[in-house]
Amino acid sequence: MALIEMKDGTKKYRRSTTALRDMTVSVNQGEFVYLVGPSGAGKSTFIKLLYREEKLSSGSLRVGEYDLNKLKKREVPLLRRSVGVVFQDYKLLPRKTVFENVAYAMEVIGEKRRNIKKRVPEVLDLVGLKHKMRSFPDQLSGGEQQRVAIARAIVNSPKLLIADEPTGNLDPENSWEIMHLLERINLQGTTVLMATHNSQIVNVLRHRVIAIEDGRIVRDEEKGEYGYDD
């Protein structure tokens, strides 16, 4: 069953820049998909459309039960409960502990305190950081900070996890740890869409590869390769 369904999606910005051109793509529930392509190809625009940071200029887009063309502004938070996002630069709140950073994602949707106290340690245990729940972000390594960001993104059990260059700021050892964590999350049923420039990861941990160039899909392969020079 399709979790993401885009048909003839076009996104134009001011000054006549076209970021996406008549893109049609479908991603099924439970898939792990790499999004690859040169900088400026349209990957970030595609990702932003999925959690309604941007809107299509024309065409249609569904994410789960939501028709994003018809989504009202007050419904955007509902969409974002079903979509977790992890960024290259972690975006943790520096004055909150690890526990508080993850709990914050539950607090903003009005979750009960007792549910937060139960769920947050479970997710921190999954990412291997239960023992650091009282630490602050500046007391963690880059790899640990990214694992906290992943815990925050999945604490509300989203159907879709978007990872935008999640290993971009990490050394190879931490990059592989993050990748194995993302695969574990995917095996539990969460769809993972990951934008990356890391050819080694894509070529070793084989999954579906969607390549975007100049706002168009130029390649879509099961267990594909990266296909670009670093």
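Details of the structure are given in the entry above.
Overview of the structure. (Residues numbered from 1 in each chain as written. Predicted model: local features only at pLDDT ≥ 70, side-chain atom pairs only at ≥ 80, totals over all residues. Heavy atoms only, no water.)

**Observations regarding the pattern of salt bridges**
To keep it simple, the criterion reads: The term salt bridge refers to a pairing of a side-chain nitrogen on Lys or Arg with a carboxyl oxygen on Asp or Glu at a separation within 4 Å. Helix and strand assignments follow DSSP, with helices taken as H or I runs no shorter than four residues and strands as E runs no shorter than two, numbered in order from the N terminus. Exposed residues in this analysis have more than 50% of their type's maximum accessible area, buried residues have under 20%, and partly exposed residues fall in between, with area computed by a 1.4 Å probe over protein chains only.
The final tally for this structure, using the stated rule, is 13 salt bridges. One salt bridge connects Glu-54 with Lys-11, and the closest N-O pair in it is separated by 3.6 Å. Highlighted residues: Glu-54 in the loop between helix H1 (43–50) and strand E4 (58–63) and Lys-11 in strand E1 (residues 2–12), separated in sequence by 43 residues. Note that Glu-122 and Lys-118 form a salt bridge whose closest N and O atoms lie 3.1 Å from each other. Of this pair, Glu-122 and Lys-118 both sit in helix H4 (residues 113–126), 4 residues apart, which is roughly one turn of the helix. Glu-122 sits in the partly exposed class, given a relative accessible area of 36%.

**Observations regarding empty space enclosed by the protein**
Note the cut-off: The way it works is a 1 Å grid over only the protein atoms, where trapped points that fit a 1.4 Å probe form a cavity and open points with protein on both sides within 12 Å along at least five of seven lines form a pocket, and then any residue with an atom within 4 Å of a point lines it. Grid points are joined across faces, edges and corners, and a volume is the space filled by probe spheres set on the points. Put simply, Ala, Val, Leu, Ile, Met, Phe, Trp, Tyr, Cys and Pro go in the nonpolar bin, Asp, Glu, Lys and Arg in the charged bin, and everything else, Gly too, in the polar bin.
Enumeration over the complete set of coordinates arrives at 1 cavity of 30 Å³ or more. Computed from the structure, the largest cavity encloses a volume of approximately 40 Å³. As for the largest cavity, its lining consists of Leu-3, Val-63, Gly-64, Glu-65, Tyr-66, Ser-82, Lys-159 and Leu-160. Among the residues forming the lining of the largest cavity, the class breakdown is 4 nonpolar, 2 polar and 2 charged.

Honestly, it's all geometry; don't read function into it.
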